[in-house]
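These are the residues of each chain, in order.
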Amino acid sequence: MIWFRPAIRFSPFAVVLALAACSPGAEEDTPTPTPSPAEAPATAAPPGPDAETVGGDGSAIDLQVLTTEDLSAETLPGELTCSFSGADDQLLLLARGDVASGEPAVGVVKVSGYVERIAAPGGYDAMLDGANFAGRGKTVLVEVTGPAQGGGESPPRPGALTYQRADGASRLFQGLWTCGP
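The residue numbering used here restarts from 1 in each chain and proceeds along that chain's sequence as written. Restriction of local features to residues with pLDDT of at least 70 applies here, the model being predicted, together with a cutoff of 80 or more for giving and counting side-chain atom pairs; totals for whole chains, interfaces and linings are based on all residues. Hydrogens and waters are ignored; side-chain quantities use all the structure's heavy atoms.

Asker: Sorry, what's going on with the overall build of the chain here?
Answerer: By definition, any uninterrupted DSSP run of H or I lasting at least four residues is a helix, any uninterrupted run of E lasting at least two residues is a strand, and each is numbered from the N terminus. Along the backbone of the chain there are 2 helices and 9 strands. The helix and strand sequence of the chain, counted from the amino end, reads α-β-α-β-β-β-β-β-β-β-β. Accessibility here uses a 1.4 Å probe with only protein chains present; expressed as a share of the type maximum, an area under 20% marks a residue as buried, one over 50% as exposed, and anything in between as partly exposed. A total of 181 residues make up the chain; the buried ones form 30% of that total. Here the contacts in the chain between residues at least 6 apart in sequence split such that 48% fall between residues at least 24 apart. Only the protein chains shown count as cover for residues, and the accessible areas themselves come from Shrake-Rupley with a 1.4 Å probe. With the model as given, the accessible surface of the chain reaches about 11800 Å², and the carbon-plus-sulfur share is 58%. Any two residues whose heavy atoms approach within 4.5 Å are treated as being in contact.

What follows is the structure in C-alpha cells.
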C-alpha cells in the first residue's frame, strides 16, 4: 500500500517571514549600538544655516537667485513689495500686493532655472509678518523669526523660507524678510 501525502503549499510571503524569524538578526532584546561622534559617517552634511532637501522623490530643491532679467520679464500687480533674501543678500522671493486688499499678493521664485509664480491671500497687509504662498505644485512658507534689524521705514527681519514640493519634499532657507516701499 502506498500512502500519498497532499502537497503543502506556502505563500512566498509566509516563507520570507519564517526565514526572517530564524535569521540571527531577529532578536528583539539586543539593543542597536549608537555610533559615537568619532564613528559617525563622514558623508553626513555639516549643520548649516540652510538645510538640504528632505523627502520627496530624492531630487534636490534648487531655489535660485532672482536676477534683474527674471524680474523685468514678470509683471507683478500691487503697490508694495515683500522680499526674502538668503545668504549674501541674494533675492530668493519677491512678492507684491495692495494695502487693505482682498486680492492676493503675487510673487515669484526661481526653481531649477524657471521663474514660477506664487500667490498668498490678503494682499500686502497679510504678508507683513510672513506668508503662505501657493503655486503650481509648490507651497512657499515664510516665517518671521526675530525682531527688525535696524531702523527706518522698512527694516529687514530674520526669517525662514520653507519650500515644499507636491511630492512631499521640502527645504529650509534662512535669511531676511523685508516689506515696504
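Asker: Is there a simple way to think about the pairing of strand β4 (residues 105–111) in this case?
Answerer: The side chains of a regular strand alternate between both faces of the sheet. For β4, the buried fraction is high: 7 of the 7 residues fall into the buried class. What you see with β4 is no split at all: A105, G107, V109 and V111 on one side and V106, V108 and K110 on the other are buried throughout. Should DSSP find at least two bridges between two strands, the strands are taken to pair. Inspection of the sheet shows strand β1 (residues 63–64) paired to β4 by 2 bridges, in the antiparallel sense. Looking at β4, one finds that L63 is bridged to V111. Across 4 bridges, the pairing between strand β3 (residues 91–97) and β4 is antiparallel. Bridging from a neighbouring strand, L93 pairs with V109 of β4. Summarising the sheet, β4 and strand β5 (residues 114–120) pair through 7 bridges and their orientation is antiparallel.

Asker: What exactly am I supposed to notice about unusual backbone geometry here?
Answerer: Only a minority of non-glycine residues have a phi that is not negative, and only a minority of peptide bonds are not trans. A positive phi angle is found at D89, which is not glycine, with a value near 55°. Mapped onto the elements, D89 comes out in the loop between β2 (80–85) and β3. A positive phi is found at A100, a non-glycine position, where the angle reads about 50°. Following the sequence through the fold, A100 ends up in the loop between β3 and β4.

Asker: How do you make sense of the pattern of salt bridges when you look at a structure like this?
Answerer: Oppositely charged side chains may form a pair once their charged atoms are brought near each other. In the sections that follow, a salt bridge refers to a side-chain nitrogen of Lys or Arg positioned within 4 Å of a carboxyl oxygen of Asp or Glu. Enumeration according to the criterion identifies 6 salt bridges in this entry. The partner of R165 in a salt bridge is D57, and the shortest N-O contact between them spans 3.3 Å. One end of the pair, R165, is in strand β8 (residues 157–165); the other, D57, is in the loop between α1 (12–22) and β1, with 108 residues separating them in the sequence. Look at D57 and you get exposed, because its relative accessible area is 59%. By sharing partners, the salt bridges in this structure join D57, R165 and D167 into a single network.

Asker: Help me out: how do you make sense of the state of the cysteines in this one?
Answerer: Cysteine pairs can be covalently joined through their sulfur atoms, and such a bond is termed a disulfide. The definition used for a disulfide is geometric: two cysteine sulfur atoms within 2.5 Å. Summed over all chains, the structure comprises 1 disulfide. A sulfur-sulfur separation of 2.0 Å characterises the disulfide bridge that pairs C82 with C179. Disulfide C82 to C179: torsion about the S-S bond roughly 120°, handedness right-handed. One end of the pair, C82, is in strand β2; the other, C179, is in strand β9 (residues 170–180), and 97 residues separate them in sequence. Judged by its relative accessible area of 0%, C82 is buried. C179 sits in the buried class, given a relative accessible area of 11%.

Asker: What is the right way to look at the environment of R171 in this model?
Answerer: Here R171 shows up in strand β9. Along the chain, R171 and T53 lie 118 residues apart, while their C-alpha atoms are 4.7 Å from each other. If we ignore the near neighbours within four places in the chain, the residues touching R171 are A51, E52, T53, I61, L161, T162 and Y163. Here the side chain of R171 touches I61 through a polar contact of 2.8 Å, landing on its backbone oxygen. Polar contact is the term for a pair of N or O atoms within 3.5 Å; when the atoms are in protein, one must be able to donate a hydrogen and the other to accept it, and sequence-neighboring residues count only if both atoms are side-chain atoms.

Asker: Explanation requested: the side chain of R165 in the structure shown.
Answerer: Within the local environment of R165, its side chain forms a polar contact with the side chain of D57, the two groups lying 3.3 Å apart. Residues in contact with R165, not counting those within four places in the same chain, are D57, S59, A60, I61 and G137.

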